[in-house]
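Read off the chains here:
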Amino acid sequence: MKRVVIIGMGFGGIRAARVLAGKGLDVVLVDRNNYHLFQPLLYQVGTAGLEQESIAYPVRAMAREWSGTRFHLAEVTGVDFPAREVVTGNGRIPYDYLIIGAGSVTNYFGLESVERHAFDLKELVDGERLRNHILTAFERAVVEPDPAKRRALMTFVIVGGGPTGVEFAGALMELVRYVLAKDYPELSVQAARVVLVEAFDRLLAAMPQELQVYTLEKLRTMGVEVLFNARVVDAGPERVTLHDGAIIPAHTLFWSAGVKAAPLAATLDVDPKPGGRIPVEPDLTLADHPEVYVIGDMAWLEQDGAALPMVAPVAMQMGTYAGEAIVAREKGETPKPFRYRDRGSMATIGRSAAVACAFGMKFRGYAAWLVWLLLHLYYLIGFRNRIVVMLNWIWYYWFHERQVRLITERVEE
């Protein structure tokens, strides 16, 4: 029986596993975490909207439903291509086919001080850590006698005007204005600042212009300060410095300005493309290793003159393709080249407000928000998770209340 090893249980990895399950292959799933994380909702953990357990699902619970699959909890440190073995901290795992989908990490573009002081949202623990920090900042502000320091504690700088930055800015502003304002009556929460910093002249660059304008107007109406053509070049525990020398006194910096391929990519002895991504053939295999597939954020594949974006829909389609390609090859068939079908993009701005572009149609406002909710519930794994998330959203919609305002770890300042 031939063995397929899948590295990474992200969106691409789990879809490849689903396709390969029950196909007469020995499928080994490898990840350093024992769960699949629904990363698009991680910002809602950071803004006290969801419990972290509601957006994660155990890999072993999935594997027991997939015939012929088993899971290894291990950190992959490299791949021995000549020996056809995956190198992990727990030993080596031989393979006949290999699917690499280790995802991406935050790209700080060499800004060491920013990397030291900024928060990001890539791992499950990041959401809880950010929530602890935000709530602790308000607790400190309550007892801070200096008005300038109190304002800095309630100032939050968000870098990156893509979907993550926009969604986090909107959710954070709603948390401050509608929830924390009631929790901290002794504070003038109206003095709190949420500053969204974007290096270019528009938000949501992949969206049509009218949706970009709607997003900007909505955020500003909510009270978010949007700075265009601005770059963060330095950071400290109590300040953020922009490229023009301007300093924003702030205790919280959130970075969503870019990603790069996971460190595993650098160990593969392949000349990388921008962002450390691995160039692949039209069938997603490595040029000199046709038994190795690279999918998701790690893969560099140009289509219609541009590299495919590092987003979840691309990873999903690549994962499904890689699984089907292996099944086809085992039947003696030659798979067709991979072709990404862009079904659109969307972003939520706040309660009853979102933008979406799909199938040539543009949505905004309540209709786009409803579509966003339904699609995210659909793609969540686990019936319990869907119910918990839906109930949290309903509760917040009707009562403007977020129940997960818990400081689960003391933040050392």
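The shown structure was predicted, so the numbers you read here are calculated from the model rather than taken from an experiment. (Residues numbered from 1 in each chain as written. Predicted model: local features only at pLDDT ≥ 70, side-chain atom pairs only at ≥ 80, totals over all residues. Heavy atoms only, no water.)

J.: How do you make sense of the nonpolar core when you look at a structure like this?
T.: Here is a general trend for soluble globular proteins: nonpolar side chains tend to be buried in one another's company. Of all hydrophobic cores here, the largest spans 67 residues; its most connected members are L41, I55, F138 and L172. Of the residues forming this core, the biggest block, ten residues, is contributed by helix α7 (residues 163–183). When neighbours within four sequence positions are excluded, F138 is seen to be in contact with M154, F156, V176, L180, Y184 and L187. (Core = buried A, V, L, I, M, F, W, Y, C linked by side-chain atoms within 4.5 Å. Buried < 20%, exposed > 50% of the residue type's maximum accessible area, 1.4 Å probe, protein only. Helix = DSSP H or I, 4+ residues; strand = E, 2+ residues; numbered from the N terminus. Contact = heavy atoms within 4.5 Å.)

J.: Before we go on, may I ask you to explain helix α9 (residues 312–330) in this structure?
T.: Owing to its 3.6 residues per turn, the α-helix brings residues three or four apart onto one side. Look at α9: 27 Å from first C-alpha to last across 19 residues, which is about the 27 Å you get at 1.5 Å a residue. Just beyond α9, the residue with positive phi is G332, at close to 85°. (Expected span 1.5 Å × (residues − 1).)

J.: How should I be thinking about the pairing of strand β12 (residues 193–197) in this particular structure?
T.: Working note: regular strand, side chains alternate between the two faces of the sheet. Burial of β12 is extensive: five of the five residues sit out of reach of the surface. Alternating positions in β12 separate into two faces, R193, V195 and V197 on one and V194 and L196 on the other, with burial throughout. Pairing geometry for strand β11 (residues 155–159) and β12, over five bridges, is parallel. Among the inter-strand pairings, F156 is bridged to a residue of β12, identified as V194. (Pairing = 2+ DSSP bridges.)

J.: Explanation requested: the UniProt feature "domain: FAD/NAD(P)-binding" (unreviewed entry) in the chain in the structure shown.
T.: Under the present numbering, the feature "domain: FAD/NAD(P)-binding" (unreviewed entry) in UniProt falls on residues 3–319. In residues 3–319, helix accounts for 30% and strand for 28%; the two terminal C-alpha atoms are 17 Å from one another. (UniProt positions renumbered as here; feature names shortened; annotations may be inferred.)

J.: How do you make sense of the environment of T221 when you look at a structure like this?
T.: With respect to the helices and strands, the residue T221 is situated in helix α8 (residues 209–222). Sequence separation between T221 and W300 is 79 residues; the distance between their C-alpha atoms is 39 Å. Engagement of the side chain of T221 in a polar contact is seen with the backbone oxygen of E217, the distance being 2.7 Å. (Polar contact = N/O pair within 3.5 Å; in protein donor to acceptor, adjacent residues only side chain to side chain.)

J.: For this particular structure, what's the right way to read the sheet that holds β11?
T.: Backbone hydrogen bonds hold the strands of a sheet together, and the pairing may be parallel or antiparallel. Taken in spatial order, the four strands of this open sheet run β13-β12-β11-β17, and their pairing is parallel. Of all strands in the sheet, those with a lone pairing partner are β13 (225–227) and β17 (252–255), marking the two edges. Each strand axis lies, on average, 20° off the axis of its neighbour in the sheet, ignoring direction. (Axes fitted to C-alpha atoms, helices over the stretch in contact; angles between N-to-C directions.)

J.: Please clarify how the sheet that holds strand β16 (residues 247–249) should be interpreted in this entry.
T.: With respect to topology, three strands assemble into an open sheet ordered β14-β15-β16, the strand pairing being antiparallel. Edge strands, defined here as strands with exactly one partner in the open sheet, are β14 (232–236) and β16. Here the average twist between neighbouring strands, direction ignored, is 20°. Pairing analysis gives three bridges linking strand β15 (residues 239–242) to β16, with the strands arranged antiparallel. For R239, the partnering residue across the bridge sits in β16 and is P249.

J.: Looking at this structure, how should I read the UniProt feature "transmembrane region" (unreviewed entry) in the chain?
T.: Per the UniProt entry, the sites bearing "transmembrane region" (unreviewed entry) are residues 363–381 in this numbering. What you have in residues 363–381 is 74% helix and 11% strand, and the ends, taken at the C-alpha atoms, are 26 Å apart.

J.: Explain the pairing of strand β8 (residues 91–94) here, please?
T.: Here strand β7 (residues 85–88) pairs with β8 via four bridges, running antiparallel. By the bridge assignment for β8, T88 is matched with G91. Here β7 folds back onto β8 in antiparallel fashion, the turn holding two residues.

J.: How do you make sense of the packing of aromatic side chains when you look at a structure like this?
T.: Two numbers describe a pair of aromatic rings. These are the distance of the centres and the angle of the planes. Under the counting rule described, the total for this entry stands at twelve aromatic pairs. On the basis of an interplanar angle of 35° and a centroid distance of 5.6 Å, the ring pair of F138 and Y184 is categorised as tilted. Of the two residues, F138 is situated in helix α5 (residues 124–142) and Y184 in the loop between α7 and β12; the sequence distance between them amounts to 46 residues. Taking 5.5 Å as the distance between ring centres and 90° as the angle between the ring planes, the aromatic pair formed by Y397 and W398 counts as edge-to-face. A relative accessible area of 22% means that Y397 is categorised as partly exposed. (Phe/Tyr/Trp six-rings, centres within 6.5 Å; stacked < 30°, edge-to-face > 60°.)

J.: Before we go on, may I ask you to explain the packing of α5 against α7 in this structure?
T.: Two elements in contact, α5 and α7, have axes whose closest approach is 13 Å; the angle formed by their N-to-C orientations is 40°. Taken together, the axes of α5 and α7 lie oblique to each other. Judged by the twist between their axes, the crossing of α5 over α7 is right-handed. Judged by residue contacts, L130, I134, L135 and F138 of α5 engage F168, L172, L175, V176 and L180 from α7. (Parallel < 35°, antiparallel > 145°, perpendicular 65-115°, else oblique. Left-handed = near helix turned anticlockwise from the far one by under 90°.)

J.: So what exactly am I meant to see when it comes to the side chain of T136 here?
T.: Within the element layout of this structure, T136 appears in helix α5. For T136, a relative accessible area of 10% translates into the label buried.

J.: Help me understand the packing of helix α1 (residues 11–20) against α9 in this model?
T.: Helices that pack against each other are described as a pair by the angle of their axes relative to one another and the distance between those axes. Close contact between α1 and α9 brings their axes to 7 Å; oriented N to C, the two are set at 30°. Between α1 and α9, the angle is such that the two are roughly parallel. As α1 runs across α9, the sense of the crossing is right-handed. Taken together, the residues of α9 that come into contact with α1 (itself represented by F11, G12, R15, A16, V19 and L20) are A312, A315, M316, G319, T320, G323, E324, I326 and V327. Of the residues in the contact of α1 with α9, the class split is nine nonpolar, four polar and two charged. (Nonpolar A, V, L, I, M, F, W, Y, C, P; charged D, E, K, R; others polar.)

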